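Summary of the model geometry
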Amino acid sequence: MAGKDSLGGFPMAGPRRPEAPPANRTRTATPNAFPVAPQRNAPAPTGPGPVIPLHVIDAPTQRLYAVAIYAALFAWKLYDWTQVVEENTESFWLFLKWIALDLIFLFGLPELRIPWLELSQSFVVFAFVAHALVDWMLMFNIGLPWQTWLFGFVKVFYDRELAITEHQVKVSSILYNHSLLMGRQIINILPEGSVVLNPENTPYCIGGDTKVASIPLFFNATTPIDVEIIRTDLETNEHEVLKLTRSQLKEIKNEVKRNADDEIFTVKYNFPAKKPGAYRLGKALDEYKLEVHRRTPLTFVVPCPRASVGVVPSPNRCVGDLSDLSLLVDGTPPLKVIYSRTINGKDHSFNVQSLQPEGFSSPLLGASRSLARLVEDDDVSWARAQRVPVSLNESMNAGGAWQYSVDEVHDAFGNVVRYTGHADDLDPKTKPKNLVQNLYVKERPRVRLEGCDVRNPLKVARGGSKDLPIRYELPGPVPDDTTHTINWQFSPIDTLTKSGDHGDVVSMGTYDAKNARDRPRITTPGLYTIKSVVAGQCEGEVQEPSSCLLLNPLEPKLTLRSEEIPDTCAGNSIGLRVDMDLIGTPPFNVRYEVISNGQRSAERIKVNGLRFQQELIPRIAGHHKYVFTHIGDAIYEPQKLSGPEYTLEQDVKPAASASIMHSTGNMAACLNDDVSVDVLFQGDAPFTLEWEVIHDGKRKQHKVKDIQTNKYQIKTGSLAKGGEYTLALTSVQDKRACRNFLQDEVKISVRRQNPRAAFGLIDAKRRTMAVEGSTVKLPLRLTGEGPWKVFYSNVNDTSRNAPRVLEKTIKNDNDFLDVRTKGIFQITDVWDRQCHGIVDPKASSFEVNWFARPELAVVQSAHVQPEGANNFVVSDVCEGDVSGFEVALKGTPPFHVEYQIRHQPASGPASISRKDFEAALGKGSVSADTSRAGQYTYTFNSLSDNLYNNDRTFKSVTVKQKVNQKPTAAFVKPGQTFKYCKTDQGESESIPIALNGVPPFNLEFEIRHQSSPIPEVYRTPAINSNSYEIQIPRHQLRLGTQTIRIRSVRDGSGCHSISDYTSAHRDTLDGKAHSVQIQLFEAPTIYPLETRTDYCVGERLGYSLAGAAPFEVWYTFNGEESRAKSPTTTFRRIAEHPGEFTITSVSDRASECRAPVNFSKTIHPLPAARISKGKQVQTDIHEGGEVEILFEFYGTPPFEFTYTRSTNPKKKGERATVLETKHDISDEYSKVIKASQEGAYEVVAIKDRFCAFSTQMLGVEYVEGKDGRLLKYQ
């Protein structure tokens, strides 16, 4: 027994309970009785609960999770089993995996103590043994009776395999390809005569110029006496019977009689259809009153499609607006309309397809799109004409002329109405207005304020007006019409907020501008803010600044105060002193008139402030009147002043006075010069002037009488003594004989001696030596008042006939004259600030000479030889050797030598470095650079000594030396491991080595085997090229790893290099560049599981692999090389496409040896058959007639095919019945079979030389027979 607490191996509901006392226990005859319910006061159960508490996950959910995990493991197990079955192999590893997973699940489930899943130990052991047995049968591919059923059940959920093209394919889509057998021939036996309406099923339309649709009616070998045509109304689905009239039947009979001599004749009659509808042949009786009509699909006569452009309220648009157009399309949906859009003459065509109302359903929609299945009782209201509006709501982003025009419209039946003429038409017709809509798109304007904002307000006189400075712009060319409307907000000046914004009182203003330069006039002070601009119907953009403040400043006012200016001699007034107080906006313009002795003159004063004082002192005696007439400021125009307060009068008698006309009052004069002084008089002539000249404390008086003019010039005599002279005016008298004291004077400074010029001394002599090209400062000794102008020349200047005289301005009396050439310099003349001077003849010349420049030369020796002027060659050396040369120096020590080293390697760009050295003596040593191979050029381009720094005239000296590169030898693929297969015995492997240097080369290398500590050393003969391949015979290699290392190399220039291969150097890049490794492996193998070479599409190609998994298989399929990986020892692929499949090589993980093989398989396509070109063809014949059925085959002859003849369903939903099945053989790619029996003929199976296919097979396999491969159905 499983235990008292379990039934049938499953636990009882609820936890275990303690047993009752023996006295109270009730026994029953049932061996598996439930325990007695405990008493109410019984103690609570003490057994452990589930591992996952029930308040976390309840018991049903835990059981659901356990069952789900078990189902997932079982599905995984079935997937592994299908892989084993498909590969036709067995897997001990999968068996061990599933034994472990089943052990963990079955023995771990009871430990969770899930209610109802507390399995007993004996049940768990039994279940584990059963699972292990199932795992053994599945993973070792042991055939079972239900294996086929189980495999098919698994394939329902997963039916994908790897194809030759290395992607997953669905096997059923390859094996059950119904497109291989296509086509059907339907034969209908007609009665002796027949009547057919529109056998071609051509649709018709009525509308426009087409008023009547002519539907063809065919009479085959019959004379009708009664013909009815039924029209089904497209709107109401009501039927209308239309009978042919007697005249129509008579016309048909006459046509039949004319063709009665023919055994089989057909008469065509065009039935006029004047109304839209679905037409079919209702009844047709021949002359024997027999029914002779044949059922055909409905013939639809629909209204012809038409389209028009919807009416728009206005053709004007703005840039950025939507076109807001609609096309009204009428016809049988789904409709198609083609329209064109022209923008400024550029045409673009568009089409809108599948136009149909919402919820519309039609048999023309979908994949079939056929009317052949419609019968007379079907609803045909879907074919009625409907109006479908098409909204054309696109953004119009370009200005100009837009035109939308309808070109074509199509309905669901293929009826086409074209509104455009052909391109060959010489006189194209103009489209009706309802097909064309012209739109005119205008640009949007932009406005902003110029020269006015909140910080820079406009100011205008009170009561005046000013243009609001609006700038109006339009993108692109400006049109002729630029009228626009400006809208703004206005707030009076006293209603603005503290921040200067609009207050509570806001009014709107509007101005209609006539052109782009028309601006509104504003008068009222306040804040104006532009809100919008509209040109036509286009609202534009308002840019910043958009606000302007208008102010009315105060009007200008003038207040005058005056006082007289008295004369101290006569006591008379000589003028007026006027004080002006002004109010307004500066600057002010004050106009007044002066009336003197009857003469009137106008005067003007510009005042920049609010206060001003003006002295009005007339120059002539008499009565003077001053009338202030106007005042204006920056805002207000001059305003007239009136009133006695603006008129001033006075009688003036001015006192006599005289003044010296000189700006500074100081004059300078040279020794022995005379001086002229101008004097200006005021008063009434004639004048008497007195003055005196003071010099060295002596005064000399002068007096002139009867001066009749207001100006007089005083001339002094020759000033023979130097010093300071003072010319002072003492008194003046006019005609009133009032002597007035004068104190105006001018000081005249006279030189005590003339200026002089001479050269100073340098080292007590007027001769110096300097560095060539430097600036030499020649000392000057000057007397006088600076600045001086010194004129000098170079006596040794022979470039002209006479030495050129140079001029230089000297500011200091002990300054220097800068010269840059050698020679004898002589001073020719001198001027100081005012006077001409003299040159000291003893010190008028100075001589300048240059120091000698330094020189450099290369010291010649046995290994340093000259090569042309200033060019030398040093003997060649090897890379890394010590070399150098010496240079000899002349000049003033110490020397500084700079030279350039140009290194030109054998390949690649040149490098340039610069060096220098100091030499204290007349000889220096230069060390040659031999660190890198190549051509070195030493160019000495700069030489300096103690005097000359970087002499520009120095001629460069060049020294050349060639440094030969040390030969190098390296493997072309350094550090690489070459892997070879042992199967390639007898072949010698070549390892390429690249040599660098001068041939011939001598190479030494070694081979060190992994198992031997002593290497084998080899030396090569002379190598005359820069490449070499080490030939290693295969018999010298052993399984495992061996290292080949280059030891040393010597080239033809005598240079030798030895490679370092110590343990520390072994893992560096240079160490790896001189060594490679060779590994020798056993090669993997591959064999086909079947010996045949011909396969069909849908079959599996299998191969067995030997080696260490995983494997890589290289193969070609139809000329394209591919690589596939196989994790197991079986390589299997399903053939998806036909072609040539050849396995060329295989490699495994251990060796990576790519063993060449050549296993070719030919994959043939599945054969295909077509009846009637793969289409369904229906042929009507009379009794006794025949139809030739064309069978076409694709594949490899000979062909064996099976075809059936089945009934033609007469009613909808009726199933066809197979009447007979026939087999036939064809050695060609086509065959014609004649058939005279009614029915539907179609191919159900086809077989060619290699493959077969059938639409009736549930399972199929190929069986080899004596006639080739045959199909075996399961």
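Residues numbered from 1 in each chain as written. Predicted model: local features only at pLDDT ≥ 70, side-chain atom pairs only at ≥ 80, totals over all residues. Heavy atoms only, no water.

Digging into the overall build of the protein
- Of regular secondary structure, the protein possesses 7 helices and 96 strands.
- Within the protein, buried positions represent 40% of all 1274 residues.
- Considering only intrachain contacts with a sequence separation of at least 6, the fraction spanning at least 24 residues in the protein is 69%.
- Counting only carbon and sulfur atoms, one obtains 51% of the accessible surface of the protein, whose full area is about 72200 Å². (Helix = DSSP H or I, 4+ residues; strand = E, 2+ residues; numbered from the N terminus. Buried < 20%, exposed > 50% of the residue type's maximum accessible area, 1.4 Å probe, protein only. Contact = heavy atoms within 4.5 Å. Areas by Shrake-Rupley, 256 points an atom, 1.4 Å probe, with all protein chains shown as cover.)

A word on the environment of Gln708
- On the secondary structure map, Gln708 appears in the loop between strand S47 (698-707) and strand S48 (711-715).
- With relative accessibility at 49%, the residue Gln708 sits in the partly exposed group.
- Placed 21 residues apart in sequence, Gln708 and Phe687 show a C-alpha to C-alpha distance of 6.6 Å.
- Those residues in contact with Gln708 that sit more than four places away from it in its chain are Ala685 and Pro686.

Description of a nonpolar patch on the surface
- A cluster of nonpolar side chains, Val51, Ile52, Val56 and Leu112, forms an exposed patch at the surface whose accessible area comes to about 310 Å².
- Looking at the secondary structure, you find Ile52 in the loop between strand S2 (10-11) and helix H1 (59-87).
- On the basis of relative accessible area, Ile52 is assigned to the partly exposed category, the value being 34%. (Patch = residues over 30% accessible without salt bridge, like charges linked within 9 Å, V, L, I, M, F, W, Y side chains within 5 Å. Salt bridge = Lys/Arg side-chain N within 4 Å of Asp/Glu carboxyl O.)

Focus on the nonpolar core
- Ranked by internal contacts, the top residues of the largest apolar core, which has 51 residues, are Tyr1115, Phe1131, Phe1141, Ile1143, Ile1163, Phe1191 and Ile1246.
- Ignoring anything within four residues of it in the chain, the contact list for Ile1163 reads Ile164, Tyr1095, Cys1096, Val1097, Leu1101, Phe1117, Ala1135, His1137, Pro1138, Gly1139 and Phe1141. (Core = buried A, V, L, I, M, F, W, Y, C linked by side-chain atoms within 4.5 Å.)

Describing the pairing of strand S53 (residues 767-770)
- Because side chains alternate across S53, one face comprises the buried residues Thr768 and Ala770, and the other comprises Arg767 and Met769, none of which is buried.
- Of the strand pairs in this sheet, S53 and strand S60 (residues 845-850) are connected by 4 bridges, and their pairing is parallel. Bridge pairing in S60 links Met769 to Asn849. (Pairing = 2+ DSSP bridges.)

What about the sheet that holds strand S81 (residues 1100-1106)?
- What the 3 strands build is an open sheet, ordered S79-S81-S84; its pairing is antiparallel. The open sheet is flanked by strand S79 (1085-1088) and strand S84 (1130-1134), the only strands paired with a single partner. Within the sheet, the average angular offset between the axes of one strand and its neighbour, ignoring direction, is 25°.
- Here S81 pairs with S84 via 5 bridges, running antiparallel. (Axes fitted to C-alpha atoms, helices over the stretch in contact; angles between N-to-C directions.)

So, the packing of aromatic side chains
- Tallying each qualifying case throughout the model produces 28 aromatic pairs.
- Relative to Phe1141, the ring of Tyr1103 lies with its centre 6.4 Å away and its plane at 40°, an arrangement referred to as tilted. Pair noted here: Tyr1103 is in strand S81 and Phe1141 is in strand S85 (residues 1139-1148), with a separation of 38 residues, a long-range link. Each of the two residues, Tyr1103 as well as Phe1141, counts as buried.
- Ring geometry for Tyr1115 versus Phe1131: centroids 6.5 Å apart, planes at 45°, classification tilted. Separated by 16 residues along the polypeptide, Tyr1115 in strand S82 (residues 1111-1117) and Phe1131 in strand S84 bring together distant segments of the chain.
- Among the aromatic residues, those joined into a ring-pair cluster are Phe885, Tyr899, Phe917, Tyr936, Tyr938 and Phe940. (Phe/Tyr/Trp six-rings, centres within 6.5 Å; stacked < 30°, edge-to-face > 60°.)

Notes on the confidence of the model for the protein
- Here the protein averages 81 in pLDDT, and 87% of its residues register 70 or above.
- In this model, residues 1-46 is a region of pLDDT below 50 whose contacts with residues beyond four sequence positions or in other chains number 31 contacts.
- Ignoring residues within four places in sequence, the model shows residues 1257-1274, a span with pLDDT below 50, making 42 contacts including any to other chains. (pLDDT = per-residue confidence, 0-100.)

Side note on the pattern of salt bridges
- Inspection of every chain in the model, using the stated rule, returns 51 salt bridges.
- Across the salt bridge formed by Glu1242 and Arg184, the nearest N and O atoms sit 3.5 Å from each other. You can see Glu1242 sitting in strand S93 (residues 1239-1247) and its partner Arg184 sitting in strand S6 (residues 184-190), a full 1058 residues away along the chain.
- In this structure, the salt-bridge partner of Arg1123 is Glu1112, at a minimum N-O distance of 3.6 Å. Note that Arg1123 is positioned in strand S83 (residues 1120-1126) and Glu1112 in strand S82, a separation of 11 residues in sequence.
- Beyond isolated ion pairs, a larger network of salt bridges with shared partners links Glu1004, Glu1006, Arg1008, Arg1019, Arg1045 and Arg1047.

What about the state of the cysteines?
- All told, the structure shown has 6 disulfides when counted by the stated rule.
- Here Cys878 pairs with Cys1055 through a disulfide, and the sulfurs are 2.2 Å apart. Measuring handedness by torsion sign, the sulfur bridge of Cys878 and Cys1055 sits at about -95° and is left-handed. One end of the pair, Cys878, is in strand S63 (residues 871-878); the other, Cys1055, is in the loop between strand S76 (1040-1050) and strand S77 (1056-1058), with 177 residues separating them in the sequence. (Disulfide = S-S within 2.5 Å.)

A look at the pairing of strand S11 (residues 239-243)
- As judged from the 5 bridges shared by strand S10 (residues 224-232) and S11, these two strands associate in the antiparallel manner. Note that in S11 the partner of Ile229 across the bridge is Leu242.
- Counting the residues between successive antiparallel strands, the hairpin from S10 to S11 contains 6 residues, one of them, Asn237, with a positive phi of roughly 60°.

Description of empty space enclosed by the protein
- Summed over the entire model, instances satisfying the criterion amount to 2 cavities of 30 Å³ or more.
- Taken together, Tyr70, Leu73, Phe74, Lys77, Trp98, Asp102, Phe105, Leu106 and His131 make up the lining of the largest cavity.
- When residues of the lining of the largest cavity are traced back to their parent elements, those giving at least two are H1 and helix H2 (92-108).
- Counted by class, the lining of the largest cavity contains 6 nonpolar, 1 polar and 2 charged residues.
- The calculated volume of the second largest cavity comes to roughly 40 Å³.
- Lining the second largest cavity are Val693, Thr716, Leu719, Tyr725, Thr726, Leu727 and Ile748. (1 Å grid on protein atoms, 1.4 Å probe; cavity = no way out; pocket = protein on both sides within 12 Å on 5 of 7 lines; lining within 4 Å. Points joined across faces, edges and corners; volume = space filled by probe spheres on them. Nonpolar A, V, L, I, M, F, W, Y, C, P; charged D, E, K, R; others polar.)

A closer look at the side chain of Asp832
- Inspection of the secondary structure assignment puts Asp832 in the loop between strand S58 (823-831) and strand S59 (838-839).
- Overall, the relative accessible area of 5% leaves Asp832 in the buried class.
- At 2.2 Å, the side chain of Asp832 and the side chain of Arg751 are in polar contact.
- One polar contact links the side chain of Asp832 to the main-chain amide nitrogen of Gln834, over a distance of 3.0 Å. (Polar contact = N/O pair within 3.5 Å; in protein donor to acceptor, adjacent residues only side chain to side chain.)

Observations regarding the sheet that holds strand S12 (residues 266-273)
- On the basis of which strands lie adjacent, the open sheet formed by 3 strands has the order S7-S9-S12 and antiparallel pairing. Edge strands, defined here as strands with exactly one partner in the open sheet, are strand S7 (194-197) and S12. On average, each strand axis in the sheet is inclined to that of its neighbour by 25°, with strand direction left out of account.
- Of the pairings in the sheet, the one linking strand S9 (residues 213-220) to S12 comprises 8 bridges and is antiparallel in character. Bridge pairing in S12 places Phe218 opposite Lys268.
- Across the sheet, helix H6 (residues 246-258) lies against S9 and S12, angled at about 160° from S12, the strand it touches most.

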